[in-house]
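Residue strings, one per chain:
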Amino acid sequence: MRLIVLPKVRRGTPLTGMVVREGDCGVILVPDDATEEFQVHILAHELWHLLQGHNCTQKKLLGYRATMKARLQEALCERFARKVGLEIKRQQAGTSVPMPGVARGLAEAFGTV
C-alpha cells in the first residue's frame, strides 16, 4: 500500500486528522500547524484506522451500537498512537530497556518486533 501524509487540516475545523483510502493508496491528513510530536500522534492514530480497515459514514453513526463500535475503534487507535509515541521517546532517549506495553502494541500492529 502506498501512503501519503499531508499537513492539510487547519485550525478551527472539527477534525484533528483524517484518513482516506482509495484502492491501494492511503492518504492521511494531519494538522498543518501542530508540533511534530502531535503530527506523529495523529499519523499513528489514523494509520491504525487504515490498517484495521475502519470506515465511518454518517449512517453508521446514527445507531447506539454503531456509536459504541466507533468509540471502541477510536480508543484502540489512541492506544496505538500512544504506544508509538512512547517507543519514539524511548529510542530518542537511548533507553535500552524495552517497554513491554509498547512492544506488545507494535507487535499487534506489525507482527513480532
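In this text, all values refer to a predicted model and were calculated from it rather than measured experimentally. (Residues numbered from 1 in each chain as written. Predicted model: local features only at pLDDT ≥ 70, side-chain atom pairs only at ≥ 80, totals over all residues. Heavy atoms only, no water.)

### Quick word on the pattern of salt bridges
Point 1. Under the counting rule described, the total for this entry stands at four salt bridges.
Point 2. Note that Asp32 is salt-bridged to Arg10, the shortest N-O span being 2.4 Å. Pair noted here: Asp32 is in the loop between β3 (25–31) and α1 (36–52) and Arg10 is in the loop between β1 (2–9) and β2 (18–22), with a separation of 22 residues, a long-range link.
Point 3. A residue is classified by how much of its surface remains accessible, and Asp32, at 28% relative accessible area, is partly exposed.
Point 4. A salt bridge links Lys89 to Glu37; its shortest N-O distance comes to 3.0 Å. Of this pair, Lys89 sits in helix α2 (residues 64–93) while Glu37 sits in helix α1, placing them 52 residues apart in sequence. (Salt bridge = Lys/Arg side-chain N within 4 Å of Asp/Glu carboxyl O. Helix = DSSP H or I, 4+ residues; strand = E, 2+ residues; numbered from the N terminus. Buried < 20%, exposed > 50% of the residue type's maximum accessible area, 1.4 Å probe, protein only.)

### Considerations on the nonpolar core
Point 1. Formed by Ala44, Trp48, Cys77, Phe80, Ala81 and Val84, the largest nonpolar core amounts to six residues.
Point 2. Among the secondary structure elements, those contributing two or more residues to this core are α1 and α2.
Point 3. The greatest single-element share of this core, amounting to four residues, is contributed by α2.
Point 4. What Ala44 contacts, discounting residues up to four positions off in sequence, is Phe80, Ala81 and Val84. (Core = buried A, V, L, I, M, F, W, Y, C linked by side-chain atoms within 4.5 Å. Contact = heavy atoms within 4.5 Å.)

### Section: the layout of surface pockets
Point 1. The computed volume of the second largest pocket comes to approximately 240 Å³.
Point 2. If you trace the second largest pocket, you find 13 residues lining it, with Glu37, Val40, Gly85, Ile88 and Lys89 closest to the centre.
Point 3. No other element matches the eight residues that α2 contributes to the lining of the second largest pocket.
Point 4. The residue inventory of the lining of the second largest pocket, partitioned by class, reads six nonpolar, three polar and four charged. (1 Å grid on protein atoms, 1.4 Å probe; cavity = no way out; pocket = protein on both sides within 12 Å on 5 of 7 lines; lining within 4 Å. Points joined across faces, edges and corners; volume = space filled by probe spheres on them. Nonpolar A, V, L, I, M, F, W, Y, C, P; charged D, E, K, R; others polar.)

### Brief notes about the side chain of Arg90
Point 1. Its place among the elements puts Arg90 in helix α2.
Point 2. The buried category is assigned to Arg90, whose relative accessible area is 14%.
Point 3. Looking at Arg90, its side chain comes within polar contact range of the side chain of Glu87, at 2.5 Å. (Polar contact = N/O pair within 3.5 Å; in protein donor to acceptor, adjacent residues only side chain to side chain.)

### Quick notes on α1
Point 1. A rise of 1.5 Å per residue sets the reference length of α1, with its 17 residues, at 24 Å; its end C-alpha atoms lie 24 Å apart and thus fit the reference within 8%.
Point 2. Within the sequence span of α1, burial applies to His41, Ile42, Ala44, His45, Glu46, Leu47, Trp48, His49 and Leu50. (Expected span 1.5 Å × (residues − 1).)

### Notes on the sheet that holds β3
Point 1. Spatially, three strands are ordered β1-β3-β2 in an open sheet, and the strand pairing comes out mixed. Each having just a single partner strand, β1 and β2 make up the two edges of the open sheet. Neighbouring strand axes in the sheet, compared pairwise and without regard to direction, differ in orientation by 20 degrees on average.
Point 2. By the bridge criterion, seven bridges tie β1 to β3 in an arrangement that is parallel. The residue of β3 that forms the bridge with Arg2 is Cys25. (Pairing = 2+ DSSP bridges. Axes fitted to C-alpha atoms, helices over the stretch in contact; angles between N-to-C directions.)

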